[in-house]
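Structure at a glance
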Amino acid sequence: MRSRAGGLFRATEGGASGEPGGKQVVLELVQSGDINQGGGYAMLAEKYEAETGVKVNVVEVPNADLRTRLRTAAQANDLPALAASPSTDPAWTNRLLDLTDIFDRVGVIDTLAVEDPADGKVKALPTTLTAVGMFINKSLWDEAGVKYPTTIDEQWTWDEFQASAKQVVDTTDAEYGAVMDSSAHRLRAFLYEFGSKGVTEQTDGSWKLDAEAGKALEYFKAMHDTGFMPASVWGAGDDPSATFKSGRVAAYMSGVWQIADFQENIKDFEWLSVPLPQEPVRATNYGAASWIVAFDGTGVEEETLKFVEWMYSQESYKAYCEISGCLPSLEGLDVEYKDDAYAFELYNEEIAASRPFPRSRPPTVCSSGTSASPSTANR
């Protein structure tokens, strides 16, 4: 194994792989959010070292800094062994290891399949399945005596949702009816719920939003103009999660990844996952939370691939999903959630009840540095 003094990946003393007095292999995994999601990567790293002697150093980087961290590392020829990244970057796409063999064996969900269109090889594996959903401050709604749906069989429109949330604001100390992440992923789900197909290609080769999207965007703007939603989130970049966790907001349109954080950090009120509103379409937006990528030129390529395959084994990946509180990206995996199992089931039901449209292609991770995720909608 090649060693680079002063670099991120170097062999250190302490017998590895049953070789007393030898060099221990150290792999660095750069990611964001492990602390907020229960420490799943940290758990895997500890387990893997106990089983193999190979140390996996999990490095937590703020999400806003992750892209810069990897780009800088690529430019310095000092990339980590692997990373959990939300997208690819032209600075390092030519350094990705081929994960096709692992992909073929572990059973990734079809709609999350990824390949580089330049050579047809899979160079990224989805960490987890992520989907848009709705949370409410149950304590506020119960205090106001306002009813809300709790199962996929119960439906409410955005008009009904807004009217109910306004009642909560009017009869409690809530300040806002709802907040939504300042994210295109969340906004696309909102557009789909109004019957839009988003930005689509026209017969002349141009791209534009349809009329339903215009209606949805006017509706979205009105919710801010009336003060139903805080203008500071989409207008000034305030943290929507912190706004909801303040206990002064009736509802929060975000996603499944919030569950682990809410379990850990919301202590002053009860929260609940509820079905998304429809206007008139049942729709969510789903894809990969991030992508596991492994890098060439580190000197630990073989050991990195072994760790990735181990991570996606049924036993290891199931344990990761359970401790991190996330939906699996592998087919047929029976995850047993310790808490709030109903919420994960609700997300699965939202996805299942929404048929694909217009899924023109599967998500790709390619040399241009872009990524895409499938979306679903159902009338």
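Before reading on, note that the structure itself is shown above.
Notes on a nonpolar patch on the surface
Residues V199, W207, L209 and L217 make up a contiguous nonpolar surface patch of about 380 Å² in total accessible area. With respect to the helices and strands, V199 occurs in strand β9 (residues 199-201). Given the relative accessible area of 51%, V199 is considered exposed.

Brief notes about the packing of helix α6 (residues 184-193) against helix α7 (residues 211-225)
Two numbers describe how α6 lies on α7: the axes approach to 8 Å, and their chain directions differ by 115°. You can see that α6 and α7 cross each other, and the crossing is right-handed. Here L187, F190 and L191 of α6 lie close against α7, whose contacting residues are A213, A216, L217, Y219, F220 and M223. Residues that form the contact of α6 with α7 fall into these classes: nine nonpolar, no polar and no charged.

Observations concerning the environment of A288
Along the chain, A288 turns up in strand β13 (residues 282-288). Owing to a relative accessible area of 16%, A288 belongs among the buried residues under this scheme.

Observations regarding helix α12 (residues 314-324)
Within α12, the full set of buried residues consists of S316, Y317, Y320, C321 and S324. Viewed along the axis of α12, the buried residues span an arc of 130°, placing them on a single side of the element. Where α12 is buried, its residues meet α1 (40-52), α10 (258-265) and α11 (301-311). A positive phi of about 65° marks G325, the residue just after α12.

Focus on the pairing of strand β12 (residues 271-274)
Every other side chain in a regular strand lies on the same face of the sheet, so the side chains alternate between the two faces. Judged by which residues are buried, β12 turns out to be covered on both faces: W271 and S273 on one side and L272 and V274 on the other are all buried. Pairing analysis gives four bridges linking strand β7 (residues 129-137) to β12, with the strands arranged antiparallel. Considered in β12, the bridge of I136 is made with L272.

Thoughts on the pattern of salt bridges
Throughout the structure, instances matching the rule amount to 14 salt bridges. Salt-bridge contacts for K47 lead to E315; the nearest nitrogen and oxygen are separated by 3.5 Å. Pair noted here: K47 is in helix α1 and E315 is in helix α12, with a separation of 268 residues, a long-range link. On the basis of relative accessible area, K47 is assigned to the partly exposed category, the value being 25%.

Reading the values: the criteria
- Residues numbered from 1 in each chain as written.
- Predicted model: local features only at pLDDT ≥ 70, side-chain atom pairs only at ≥ 80, totals over all residues.
- Heavy atoms only, no water.
- Patch = residues over 30% accessible without salt bridge, like charges linked within 9 Å, V, L, I, M, F, W, Y side chains within 5 Å.
- Areas by Shrake-Rupley, 256 points an atom, 1.4 Å probe, with all protein chains shown as cover.
- Salt bridge = Lys/Arg side-chain N within 4 Å of Asp/Glu carboxyl O.
- Helix = DSSP H or I, 4+ residues; strand = E, 2+ residues; numbered from the N terminus.
- Buried < 20%, exposed > 50% of the residue type's maximum accessible area, 1.4 Å probe, protein only.
- Axes fitted to C-alpha atoms, helices over the stretch in contact; angles between N-to-C directions.
- Left-handed = near helix turned anticlockwise from the far one by under 90°.
- Contact = heavy atoms within 4.5 Å.
- Nonpolar A, V, L, I, M, F, W, Y, C, P; charged D, E, K, R; others polar.
- Arc of directions from axis to C-beta.
- Pairing = 2+ DSSP bridges.

Honestly, it's all geometry; don't read function into it.
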